[in-house]
Amino acid sequence: MTTDTGAPDQSSWNSRTFTARLAVALVQAAGLYLLIEAASQPLAWPATVPTLFIPLLMIWSLIPLLALLGVGQLSRRPLLLWLLAATVMVAGLGWYAGWRLPGLPTVTDNPHAPPPQIWNYANLWLRMAIGLFIAHTLVVDAITEGRWRPSYVRHFDTAWKQGVQAALTGVFVAVFWLTLHLGAGLFELLKITFFRRLIEHDWFALPATTLAMATAIHVTDVQPALIRGARTLALTLFSWLLPLLVVIVVGFLGSLPFLSLAPLWNTHFSCGLLLATAALLIFLINCCYQDGAAERTTILAKRWAGSVGALTLAPLVTLAAWALGLRVGQYGWTPQRVDAAIITLGISAYTAGYVVAVLRAPRPSGPHWLRRLETTNHLTAHFALVLLLALLTPLADPARLMVVSQMARLRSGVVAPTDLDVTALRFDGARWGRDALMTLRQATDSRWSAEQTDTLHANANTALTKDNRYLLEGALKHPVTAPNLASRIKVYPAGQSLPPDFLQAYGALKQRQGYGGCVIAGNGPCNAYLISVQTGGPVAVLMEDGYAAAVVFERDGQNAWHQTGTIRDLTGCDRVRDALQRGDAAPVPPNRPDLLVAGVRLHIDPDDGACKGTDKPVEARIMEPPPDK
């Protein structure tokens, strides 16, 4: 804990603090080494018990980091109490993370493989780390000032100091390991491989990393003036990006009344992009406001940008929620959409507070400009902890909500049994997905045909016996029927329909090719364009059934459909796709004749493209129909 005593006492305190941090680093390295050894093949206790192993892994990787920070911020008793409370919370959340694992009782493809997802906990670690970062800031400031709501200046100083420390520590550790690898490379030039082998051992790498982290945290902690200087410089520099982003956002929002929202929804990532923009706006507004000191925000242009940017948060978050709602209505909840909903709630809290801050002090040049932002940031920090806690417990567990949503869609008839994503249930649904699959093995419904029921049972059984999602995708049954294909394919020009015999021929072709295309729902764009490839000739079908080349189908002399050609780069040429959707396409003779070489027709592709602004040409090659057999 920093004091105002003389230089000898300060030096002694620094020495004791550094020793404590090194001891914590060594204890952390020892614990992580034992856990990693237990999780190596063959598995040993406690890695064989996920409800014990995962809590230990989270505790040993996170709690020592709190100790490294807290040693320089709190006295011994408050620090130990806070570390104890944090350990209990992390252990409980870690136990739940292990409990929710599927724990499949069936035989997998590789019976000697480790339990599924045992190391796939980067998301869990990141969410816990974010929560502990926020909680640590609130706890340290509350203990230091002795009240639940400390001053905003202290909150700002503590939070940004820890953020800068984390960034500098990450850079220091990265450069530290870069130095070690460069040294190993130099020794290898002399045929000395000892150094390379040394740094590759866990018993060296783990303590080296934790000691480097402890050193970086200590050096940055005992030099607060340097941290504040770096923080102020970085925030001031970033704040100049606020006017630029506000101009971009205002231009975007101002264009919406004159344009259709359809292009925005068709991007399939509009919600994430809008939320990222809103989050960046919030970050830059805080870079401009900083701790609220008047001398930090004297430039009127940045103040105006802060006020306008705070107001534009409302339409951005509204559009993001709208886009998310459309996707949920179309396809139901997925873990990613649950995460997006949680983020939307958090940013909505910031938005409400920032809009109120502007309305309560509308004059950017006034002395109380955005003063209510301070209250919003403090309350939203607590709200963020609530949201994270919900996300890490059954209350808003993304896997549980996804399974509930998809099963409800199946029971209501929105999703056909053959279209149910059993892969998501198996690998993203945790124990609830496993339970759902075990139920689906015998599920029946009067609305399902015998083929649909058999397919659902077979796919559920297959999913329960696979431990790799890519192996599962190739093993699932995808019955191909004309009604299923017709429901997935969009036909252009609007109002047209595909001949039933074409759907049968297309489905048979995809079955021979091992499925793909429009046979599997969600496998990319699925569009059919009715065109004519010969002047006055019969109608052909151009199928855009994925992200590869579009395929041309024509009838042969016996009126049977065959694949006769391809068009590449159609998915990257919006101008051509729009014209095809309108039916604006006509056959023209080639600019150059083909070459006939040894009975093989060679096509000469032109160098000039059909898409303006693109380097790649759109190429069409219509091959002769195969000979009758």
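Residues numbered from 1 in each chain as written. Predicted model: local features only at pLDDT ≥ 70, side-chain atom pairs only at ≥ 80, totals over all residues. Heavy atoms only, no water.

1. Structural notes on the pairing of strand β4 (residues 550-555)
Summarising burial for β4: five of the six residues are buried, a large majority. As paired elements, strand β3 (residues 540-545) and β4 share three bridges and run antiparallel to each other. Paired with Val 541 across the bridge in β4 is Phe 553. Sheet topology places β4 next to strand β5 (residues 561-568); six bridges connect them, and they run antiparallel. Opposite Val 552, over in β5, you have Gly 565 as the bridge partner. Count of turn residues in the β4/β5 antiparallel hairpin: five residues, of which Asn 559 carries a positive phi of about 70 degrees. (Buried < 20%, exposed > 50% of the residue type's maximum accessible area, 1.4 Å probe, protein only. Helix = DSSP H or I, 4+ residues; strand = E, 2+ residues; numbered from the N terminus. Pairing = 2+ DSSP bridges.)

2. Some details on a nonpolar patch on the surface
Taken together, Leu 186, Phe 187, Leu 189, Leu 190, Ile 192 and Phe 194 make up a surface patch of nonpolar side chains, about 660 Å² in accessible area. A total of three residues in the nonpolar patch trace back to one element, the largest contributor, which is helix α5 (residues 152-189). (Patch = residues over 30% accessible without salt bridge, like charges linked within 9 Å, V, L, I, M, F, W, Y side chains within 5 Å. Areas by Shrake-Rupley, 256 points an atom, 1.4 Å probe, with all protein chains shown as cover. Salt bridge = Lys/Arg side-chain N within 4 Å of Asp/Glu carboxyl O.)

3. Focus on unusual backbone geometry
The omega torsion across Trp 45 and Pro 46 is 10 degrees, close enough to zero to call that bond cis. For Pro 46, the location among the structural elements is in the loop between α1 (7-38) and α2 (50-70). The omega angle of the peptide bond from Tyr 492 to Pro 493 is -5 degrees, so this bond is cis rather than trans. Structurally, Pro 493 is set in the loop between β1 (490-492) and α21 (500-512). Of note in this structure, Leu 370 is not a glycine but carries a positive phi near 55 degrees.

4. Regarding the packing of α5 against helix α8 (residues 224-239)
Between α5 and α8, whose axes approach to 10 Å, the crossing angle comes to 90 degrees. What the angle tells us is that α5 and α8 run roughly perpendicular. Contacts between α5 and α8 involve Phe 156, Asp 157, Trp 160, Lys 161, Val 164 and Leu 168 from the first element and Ile 227, Arg 228, Arg 231 and Leu 235 from the second. Within the contact of α5 with α8, the residues separate by chemical class into six nonpolar, no polar and four charged. (Axes fitted to C-alpha atoms, helices over the stretch in contact; angles between N-to-C directions. Parallel < 35°, antiparallel > 145°, perpendicular 65-115°, else oblique. Contact = heavy atoms within 4.5 Å. Nonpolar A, V, L, I, M, F, W, Y, C, P; charged D, E, K, R; others polar.)

5. Some words on helix α3 (residues 76-99)
In a regular helix each residue adds 1.5 Å, so 24 residues correspond to 34 Å; α3 covers 34 Å between its end C-alpha atoms and thus fits that length. Listed in full, the buried residues belonging to α3 are Leu 79, Trp 82, Leu 83, Ala 86, Val 90, Leu 93, Gly 94, Tyr 96, Ala 97 and Gly 98. Lining the buried residues of α3 we find α2, α4 (122-145), α14 (373-391) and α17 (430-440). (Expected span 1.5 Å × (residues − 1).)

6. A closer look at the packing of aromatic side chains
On inspection of all chains with the given rule, the structure shows 16 aromatic pairs. Centre to centre, the rings of Trp 99 and Trp 432 are 6.0 Å apart; their planes meet at 75 degrees, and the pair counts as edge-to-face. Of the two residues, Trp 99 is situated in helix α3 and Trp 432 in helix α17; the sequence distance between them amounts to 333 residues. Among the residues examined, Trp 99 registers a relative accessible area of 31% and is labelled partly exposed. Residue class for Trp 432 comes out buried when judged on its relative accessible area of 17%. Arranged with centres 5.6 Å apart and planes meeting at 20 degrees, the rings of Tyr 492 and Tyr 529 form a pair that is stacked. You can see Tyr 492 sitting in strand β1 and its partner Tyr 529 sitting in strand β2 (residues 526-531), a full 37 residues away along the chain. In this structure Tyr 492 comes out as buried when scored by relative accessible area, which is 17%. Taken together, the ring pairs connect Trp 95, Tyr 96, Trp 99 and Trp 432 into an aromatic cluster. Across the ring face of Phe 427, the terminal group of Arg 426 is positioned such that the distance to the ring centre comes to 4.6 Å. It is Arg 431 that lies over the ring of Trp 99; its NZ or CZ is 4.1 Å from the centre. (Phe/Tyr/Trp six-rings, centres within 6.5 Å; stacked < 30°, edge-to-face > 60°. Lys NZ or Arg CZ within 6 Å of the ring centre and 35° of its normal.)

7. What about the environment of Val 247?
You can see Val 247 is positioned in helix α9 (residues 241-255). Exposure remark for Val 247: the relative accessible area of 60% places this residue in the exposed category.

8. Details of α14
In this model, α14 (19 residues) spans 26 Å end to end at C-alpha, consistent with the 27 Å of a helix rising 1.5 Å per residue. Of the surrounding secondary structure, the elements contacted by the buried residues of α14 are α4, α5, α11 (270-289), α13 (335-360) and α15 (398-412).

9. So, the packing of α11 against α14
Packing of α11 against α14 leaves a shortest axis separation of 12 Å and a crossing angle of 130 degrees. Relative to α14, α11 is oriented oblique. In this structure, α11 crosses over α14, and the sense of that crossing is left-handed. Residues Ile 285, Asn 286 and Tyr 289 of α11 lie in contact with α14, whose contacting residues are Leu 373, Glu 374 and Asn 377. Residue composition of the contact of α11 with α14, grouped by class: three nonpolar, two polar and one charged. (Left-handed = near helix turned anticlockwise from the far one by under 90°.)

10. A short note on the nonpolar core
Judged by nonpolar contacts, the single largest core of 42 residues is most densely connected at Leu 242, Cys 271, Leu 281, Ile 285, Tyr 354, Leu 370 and Leu 373. When residues of this core are traced back to their parent elements, those giving at least two are α5, α9, α10 (262-266), α11, α12 (300-331) and α13. Per element, the largest residue contribution to this core is eleven residues, and it comes from α11. Those residues in contact with Cys 271 that sit more than four places away from it in its chain are Ala 320, Ala 323, Leu 324 and Ala 340. Grouped together as the second largest cluster of nonpolar side chains are 33 residues, Leu 57, Val 71, Leu 74 and Leu 124 included. (Core = buried A, V, L, I, M, F, W, Y, C linked by side-chain atoms within 4.5 Å.)

11. As for the confidence of the model for the chain
Overall, the predicted model of the chain reaches an average pLDDT of 86, with 89% of residues at or above 70. Note on residues 1-5: pLDDT is under 50 here. Beyond four places in sequence and across chains, it has ten contacts. Residue range residues 104-117 is modelled with pLDDT below 50. Its contacts to residues more than four positions away, or to other chains, number 23 contacts. (pLDDT = per-residue confidence, 0-100.)

12. Quick notes on the pattern of salt bridges
Here the structure, examined in full by the defined rule, presents 15 salt bridges. Residue Asp 339 is joined to Arg 127 by a salt bridge in which the shortest nitrogen-to-oxygen separation is 2.8 Å. Taken as a pair, Asp 339 in helix α13 and Arg 127 in helix α4 lie far apart in primary sequence, 212 residues in all. Using a relative accessible area of 19% as the deciding quantity, one classes Arg 127 as buried.

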